[in-house]
Amino acid sequence: MCGIAGFLDLPGPELLKRQTLARMVSALAHRGPDGHGAVLKGRCGLAHTRLSIVDLAGGAQPMSDAEGKIWLTFNGEIFNYVELRNELIARGFAFRTTSDTEVIIQLYRHMGPALLERLNGDFAFALWDESQQTLMLARDRMGVRPLFYAERDGMLAFASELPALLQTPGI
């Protein structure tokens, strides 16, 4: 049980944005006692609390592709990630970890948003594509993993739990 949170187009200085991510992570600390992380990439902030299950050494989040252009914060489990990983390796994709998180990133690089058609699992994630300046929020078809969001005055905030979402100024 991990926690994810973040925002897009939060107004204000960088310090306020970093403080907001820190408060969001703090509100989710009980969901991921094994670690936490946050990244601010221009218009987008992503945060994560981690319960280490798969790839204990290499699965820290938010995680990026090798170029630092695609960033992901992910909660859940992709049941078919080994098969997807093998397919991507056969297509020439290289992996730095054995985590299902990185499989989502590489599958996005290969398929774009259509990656959701290939995922079998229970999950919620936020994926920031720096090159396209787009944020993709997704959750599994059954809605097993929670993902709350709010929009206000051109800003979007999201989180695994409402208390983290409420840490965003204006929400």
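Refer to the structure presented above.
Reading the values: the criteria
Residues numbered from 1 in each chain as written. Predicted model: local features only at pLDDT ≥ 70, side-chain atom pairs only at ≥ 80, totals over all residues. Heavy atoms only, no water. Helix = DSSP H or I, 4+ residues; strand = E, 2+ residues; numbered from the N terminus. Salt bridge = Lys/Arg side-chain N within 4 Å of Asp/Glu carboxyl O. Buried < 20%, exposed > 50% of the residue type's maximum accessible area, 1.4 Å probe, protein only. Pairing = 2+ DSSP bridges. Axes fitted to C-alpha atoms, helices over the stretch in contact; angles between N-to-C directions. Contact = heavy atoms within 4.5 Å. Expected span 1.5 Å × (residues − 1). Phe/Tyr/Trp six-rings, centres within 6.5 Å; stacked < 30°, edge-to-face > 60°. Parallel < 35°, antiparallel > 145°, perpendicular 65-115°, else oblique. Left-handed = near helix turned anticlockwise from the far one by under 90°. Nonpolar A, V, L, I, M, F, W, Y, C, P; charged D, E, K, R; others polar.

Asks: Account for unusual backbone geometry, with residues named and values stated.
Replies: Cis peptide bonds are those with omega within 30 degrees of zero, and the linkage from Gln61 to Pro62 qualifies with -5 degrees. Structurally, the position occupied by Pro62 is in the loop between strand E3 (44–50) and strand E4 (63–64). Its identity as a non-glycine residue notwithstanding, Gln133 has a phi of 55 degrees, on the positive side. Residue position: Gln133 is located in the loop between strand E6 (121–129) and strand E7 (134–139).

Asks: A description of the pattern of salt bridges should follow, citing residues and the corresponding values.
Replies: According to the stated counting rule, one finds six salt bridges in the structure shown. Here Arg43 makes a salt bridge to Asp9, at a shortest N to O gap of 2.7 Å. Within this pair, whereas Arg43 is found in the loop between strand E2 (35–41) and E3, its partner Asp9 is found in the loop between strand E1 (3–8) and helix H1 (14–27), the two being separated by 34 residues in sequence. Overall, Asp9 belongs to the partly exposed group, its relative accessible area being 29%. Residue Glu14 is joined to Arg18 by a salt bridge in which the shortest nitrogen-to-oxygen separation is 2.8 Å. In this pair, Glu14 and Arg18 are both assigned in helix H1, four residues apart and thus about one turn of the helix distant. Judged by relative accessible area, Glu14 falls into the partly exposed class, the value being 47%.

Asks: An account of the sheet that holds E3 is needed here, citing residue identities and associated values.
Replies: In a beta sheet, neighbouring strands pair by backbone hydrogen bonds and run either parallel or antiparallel. Read from one edge to the other, the open sheet built from five strands follows the order E2-E3-E1-E9-E8, with strand pairing classed as antiparallel. Pairing within the sheet leaves two strands with one partner each, and these edge strands are E2 and strand E8 (148–152). Between one strand axis and the next, the sheet turns by 10 degrees as a mean value, whatever way the strands run. Two elements, E2 and E3, share seven bridges in a ladder whose sense is antiparallel. Counted as the bridge partner of Gly35 is Arg50 from E3. Against the sheet, H1 touches E1, E2, E3 and strand E9 (155–159), its axis set at about 155 degrees to E2.

Asks: Quick rundown of helix H3 (residues 100–111)? Include the residues and the values.
Replies: Helix length check: H3 (twelve residues) gives 16 Å between terminal C-alpha atoms against 16 Å at 1.5 Å per residue, within 8%. Packing partners of the buried residues in H3 comprise E4, strand E5 (70–78), helix H2 (81–90), E6 and E7. Of the residues trailing H3, Gly112 is marked for its positive phi of about 70 degrees.

Asks: Please provide a residue-by-residue account of the packing of aromatic side chains, values included.
Replies: Overall, the coordinates contain one aromatic pair when judged by the stated rule. Ring geometry for Phe123 against Phe125: centres 5.8 Å apart, planes inclined by 25 degrees, an arrangement best described as stacked. As far as burial versus exposure is concerned, Phe123 and Phe125 are alike and both buried.

Asks: How would you summarise the packing of H2 against H3 if you had to cite specific residues and measurements?
Replies: Between H2 and H3, the least distance of the axes is 10 Å, while the angle of their chain directions is 45 degrees. The angle between H2 and H3 places the two elements in the oblique class. Classified by chirality, the crossing of H3 by H2 is left-handed. Taking contact as the criterion, the partners of Tyr81, Leu84, Arg85 and Leu88 in H2 are, on H3, Asp100, Val103, Gln106, Leu107 and His110. Of the residues in the contact of H2 with H3, the class split is five nonpolar, two polar and two charged.

Asks: Please give an account of the sheet that holds E6 that cites residues and values.
Replies: With antiparallel pairing, four strands are arranged side by side in an open sheet as E4-E5-E6-E7. Both outer strands of the open sheet, E4 and E7, are each paired with one neighbouring strand and no more. Pairing of E6 with E7 involves six bridges; the strand directions are antiparallel. Looking at E7, one finds that Ala124 is bridged to Arg139. Against the sheet, H3 contacts E4, E5, E6 and E7, and its axis sits at roughly 125 degrees relative to E5.

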